[in-house]
Amino acid sequence: MRILHTSDWHLGRSFHRESLLAGQAAFVDHLVETVRAERIDVVAVAGDVYDRALPPVDAVALLDEALGRLRAAGARVVMISGNHDSALRLRFGSALFEAAGVHVRTSPDQSWEPVLVDDVAFYGIPYLEPELVRAAWELPDRSHTAAISHAMTRIRADSVRHRASVVLSHCFVTGGQASDSERDISVGGVAHVPLTAFDGVSYVALGHLHGRQRMSETVRYSGSPLAYSFSEVGHVKGSWLVRLGEETEFVPAPVPRPIGRLRGDLDDLLADPRHASYEDHWLQIVLTDAVRPRSAMDRLRARFPHTLALTFDPVGATPSTAPVRLSGRPEPEVALDFVREVRGEPAAPEEESLLRQAIEASRVKETMA
């Protein structure tokens, strides 16, 4: 039995306003090639298939294409909903898909209903919102641990009838390392689920955290197929190739455009030859100039055309503690004071003129609204 464990596709997501659809399509190509080359039996998709509950039409089209191609390549698909997905929308057509070998699990009460592939039982636990299942499942408290533990108790009782068991779950296991791109799922501070909750099954394919992680030999996060925040610099993206009872290996995915972080003085960043390898990266740059440079983003993009995020952290700067009077002062004066504060020098005449024009235009627009 060969399983390809993947998760957190987030189809439809952008990266600082840059479309990721082409990169996500390239990942689908890679998945299909891997299924063929490695003779994969089952592709397990552990939630967050879409980036939002109402996905854009091109994301829906890409998923439709992906599922058809994976089946044509010979793999069955088991897929669960994550906290970003609309369970209702994702399960549209699932009864028909079932007959075609695509098994979508979005209902909590389906968690312990197995998908059988050569007597290996696949159990899909969709993202469980504790408040929605607490009464029906008579949970002792409002926590993810209680919800997952209940589902796993039912799964373990059923799994003894089968040769092996694989669980898909979308949750935050205690000890996992988060990044900046996951949506918070905390409920009263009890978002984490202990690793022991998943004892007693052959393999657990986790989703939610965007970095690949091995929680134990049989419990793993595949991570997202692409980087979705600059906190993921250094991540190797891809999927776990699982051979039940044998060694599990990681299959790296293609990188449409690498990401990176740079920090330093503007002139040094523009001149230093050591930064040549970053010229094709999506970049987050922190400038440390004592005085905020003018047209910093334009100048950076002349060398690093894919700079997406720019912040300032002046060397030796100390925050001003002097009180600032705002009430009763003209708006242009307040804005010009801000420019002086953050830059360390007043706005140039042409900047002051542009700022006054913008404020006046805004005032006129509000009056006519």
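In the nomenclature of an unreviewed UniProt entry, the protein chain corresponds to Nuclease SbcCD subunit D from the organism Nonomuraea insulae. The UniProt entry for the protein chain carries this comment under Subunit (unreviewed entry): "Heterodimer of SbcC and SbcD."

Whenever I open this one, the overall build of the protein chain confuses me. Can you help?
Of the regular secondary structure elements, the protein chain holds 10 helices and 19 strands. Along the first, second and third principal axes, the C-alpha atoms of the protein chain reach 80 × 50 × 40 Å. The burial tally for the protein chain puts 48% of its 369 residues in the buried class. For the protein chain, the proportion of contacts with a sequence separation of at least 24, taken over those separated by at least 6, is 67%. Here the protein chain has roughly 18,100 Å² of accessible surface; of this, 52% comes from carbon and sulfur atoms.

Please explain the packing of helix 5 (residues 130-137) against helix 6 (residues 144-159) as it appears in this structure.
Any two packed helices are characterised by the angle at which their axes cross and by the distance between the axes. In contact at an axis separation of 10 Å, helix 5 and helix 6 are set at 55° when each is read in the N-to-C sense. If you check the angle between helix 5 and helix 6, you find them oblique. Relative to helix 6, the crossing made by helix 5 is left-handed. Of helix 6, the residues touching helix 5 (which contributes P130, V133 and W137) are H144, A147, H150 and A151. Partitioned by chemical class, the residues of the contact of helix 5 with helix 6 number five nonpolar, two polar and no charged.

Mind showing me how you'd approach the side chain of D272 here?
Position of D272 among the secondary structure elements: in the loop between helix 7 (266-271) and strand 18 (282-287). Its relative accessible area of 16% is what places D272 among the buried residues. Engagement of the side chain of D272 in a polar contact is seen with the side chain of R274, the distance being 2.7 Å.

Explanation requested: unusual backbone geometry in the structure shown.
Residue H16 is not a glycine yet carries a positive backbone phi of 50°. The backbone of S295 sits at a positive phi, close to 50°, despite the residue not being glycine. Topologically, S295 is positioned in the loop between strand 18 and helix 8 (296-303).

Sorry, what's going on with the packing of helix 1 (residues 21-38) against helix 2 (residues 57-72) here?
With their axes 10 Å apart at the nearest point, helix 1 and helix 2 run at an angle of 10° to one another. One finds that helix 1 runs roughly parallel with respect to helix 2. The residues of helix 2 that touch helix 1, namely those facing L21, Q24, A25, V28, D29, L31, V32 and V35, are D58, L62, A66, R69 and L70. Split by residue class, the contact of helix 1 with helix 2 holds nine nonpolar, one polar and three charged.

Is there a simple way to explain the sheet that holds strand 13 (residues 213-214) in this structure?
The pairing of strands in a sheet happens through backbone hydrogen bonds and is either parallel or antiparallel. Taken together, six strands build an open sheet; the order of strands is 7-8-9-12-14-13 and the sheet is mixed. At either end of the open sheet lies a strand with only one pairing partner, and these are strand 7 (115-117) and strand 13. As paired strands, strand 8 (residues 120-125) and strand 9 (residues 164-170) are joined by six bridges and run parallel to one another. Looking across to strand 9, one finds that V120 is bridged to A164. Relative to strand 8, helix 6 is tilted by about 165°, and along the sheet it contacts strand 8 and strand 9.

Cut-offs applied
- Residues numbered from 1 in each chain as written.
- Predicted model: local features only at pLDDT ≥ 70, side-chain atom pairs only at ≥ 80, totals over all residues.
- Heavy atoms only, no water.
- UniProt positions renumbered as here; feature names shortened; annotations may be inferred.
- Helix = DSSP H or I, 4+ residues; strand = E, 2+ residues; numbered from the N terminus.
- Buried < 20%, exposed > 50% of the residue type's maximum accessible area, 1.4 Å probe, protein only.
- Contact = heavy atoms within 4.5 Å.
- Areas by Shrake-Rupley, 256 points an atom, 1.4 Å probe, with all protein chains shown as cover.
- Axes fitted to C-alpha atoms, helices over the stretch in contact; angles between N-to-C directions.
- Parallel < 35°, antiparallel > 145°, perpendicular 65-115°, else oblique.
- Left-handed = near helix turned anticlockwise from the far one by under 90°.
- Nonpolar A, V, L, I, M, F, W, Y, C, P; charged D, E, K, R; others polar.
- Polar contact = N/O pair within 3.5 Å; in protein donor to acceptor, adjacent residues only side chain to side chain.
- Pairing = 2+ DSSP bridges.

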